[in-house]
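The residues making up each chain are set out below.
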Amino acid sequence: MTQHDSPSLPAHRPGGSRQAPEAPDDPSPSRTTRPWMPALLYTLGFLTVYLLAICTPWGQRAENALFDLGKQGSEEAWIYPLSGSEYGSTPIPPMELSAKPTLMAGLAVIVVLTLVRRCWRQGCAALGIVILTTGSKEAFKSVMPRPDLVGARENLLDQGFPSGHTAIPAALTLAAVLVVSPRIRPYVATAGVLWLACIAAASATMGGHRPSEVLGATLLACAYYGLATWLLPPAAAASGATRSPRALPVITLTLALAVALASGARNDTLTRSLVSAATGFICAALVWYAAVGRPAHTARRTRPALG
């Protein structure tokens, strides 16, 4: 009888075979057990840019030197006629006086989309991204004044970190990604990324902001987006998964590079033009990667049931 009992032992373990498919659900260190990592990395990036570019003498000298390249002022920038700085011109939102109307309109659109799609959690998270990004920008400027470590000119001592003009398109783009339909989400992200590339490069080339201030605003928005996607419940996060067409990332980033080059171009200096364009492209790439390029919405999972 014992010889007949021994073969029956493996057949008597259906529980073990049923739990076998749960093995892939074991959280890996980089994908599931640490969904807060993107928010932390963006925050560290924000602080690193601030410390290196603003709190060190060589960082200040490097950025201040950009203002001495070419002529003073923004008239030599290709985008100057569309910036709102020229008398009687209509600015590209959110340049110049269009910043607050753009922000208000963006918040209104988010509220409408939230009501129409009834995505309450995502809508609250989207509003939080915009409000916290723009609010933190103002608070940071007030609490962290720019130190003068190199004896710079008076017009270079204003605290512009992070850039408010860049924070608005970055935050609104990431907020829109949370509340629009998953089918159009990659295309909304593309439109927002191109908008951001234009504003970021223009802000840097026209002298309104240094490259570090533009990058800081983008990293700040990405940090709040990462925090929002981490705090969303697993069901709400899973329902917002983004799947983009295979060729869309290449097309988007190529167009973003072209937009950044055109928006950052100046007639008087190639170096400043290229630095401004590179800044705008990096900002666009950061937002694209945060919104579409990584599986942020699927990173947070529930624990497998024990037993």
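Provided above is the structure to which this section pertains.
Cut-offs and rules
- Residues numbered from 1 in each chain as written.
- Predicted model: local features only at pLDDT ≥ 70, side-chain atom pairs only at ≥ 80, totals over all residues.
- Heavy atoms only, no water.
- Helix = DSSP H or I, 4+ residues; strand = E, 2+ residues; numbered from the N terminus.
- Buried < 20%, exposed > 50% of the residue type's maximum accessible area, 1.4 Å probe, protein only.
- Contact = heavy atoms within 4.5 Å.
- Arc of directions from axis to C-beta.
- Phe/Tyr/Trp six-rings, centres within 6.5 Å; stacked < 30°, edge-to-face > 60°.
- Salt bridge = Lys/Arg side-chain N within 4 Å of Asp/Glu carboxyl O.

**A few points about the overall build of the protein**
Then, in step 1: Helices and strands together make up the secondary structure of the protein, namely 12 helices and zero strands.
Then, in step 2: N-terminal to C-terminal, the α/β element order of the protein is α-α-α-α-α-α-α-α-α-α-α-α.
Then, in step 3: Split into buried and exposed, the 307 residues of the protein put 45% on the buried side.
Then, in step 4: Sequence separation of 24 or more characterises 81% of the internal contacts of the protein that already satisfy a separation of 6 or more.

**A short note on helix 4 (residues 57-67)**
Then, in step 1: All of the buried residues along helix 4 are Gly 59, Gln 60, Glu 63, Asn 64, Leu 66 and Phe 67. Take helix 4 and look down its axis: the buried residues cluster within an arc of 145 degrees, on one side only.
Then, in step 2: Turning to helix 4, the residues buried within the fold contact helix 3 (37-54), helix 9 (211-231) and helix 12 (270-293).

**Observations concerning the side chain of Ser 263**
Then, in step 1: One can find Ser 263 in helix 11 (residues 248-264).
Then, in step 2: In this structure Ser 263 comes out as buried when scored by relative accessible area, which is 5%.
Then, in step 3: Residues within four places of Ser 263 in sequence aside, it is in contact with Ile 79, Cys 198, Ala 201, Ala 202 and Thr 205.

**Some points on the environment of Pro 245**
Then, in step 1: Summarising the element assignment, Pro 245 is placed in the loop between helix 10 (234-239) and helix 11.
Then, in step 2: What makes Pro 245 partly exposed here is its relative accessible area of 34%.
Then, in step 3: For the pair formed by Pro 245 and Tyr 187, sequence separation is 58 residues and the distance between their alpha carbons is 9.6 Å.
Then, in step 4: With residues up to four places along the chain from it excluded, the contact list for Pro 245 reads Pro 186 and Tyr 187.

**Side note on the packing of aromatic side chains**
Then, in step 1: The final tally for this structure, using the stated rule, is five aromatic pairs.
Then, in step 2: Between Tyr 50 and Phe 140, the aromatic rings sit 5.0 Å apart at their centres with planes inclined by 90 degrees, giving edge-to-face as the arrangement. Linking Tyr 50 in helix 3 with Phe 140 in helix 6 (residues 120-143), this pair joins segments that are 90 residues apart in sequence.
Then, in step 3: Judged by its relative accessible area of 5%, Tyr 50 falls in the buried class.

**Brief notes about the pattern of salt bridges**
Then, in step 1: Evaluated as defined, the whole model comprises four salt bridges.
Then, in step 2: With a shortest N-O distance of 2.3 Å, Lys 137 and Glu 138 are connected by a salt bridge.
Then, in step 3: A relative accessible area of 10% places Lys 137 in the buried class.
Then, in step 4: Its salt-bridge partner being Arg 266, residue Asp 268 comes within 3.0 Å of it at the nearest N-O pair.

Any link to function would need more than the numbers given here.
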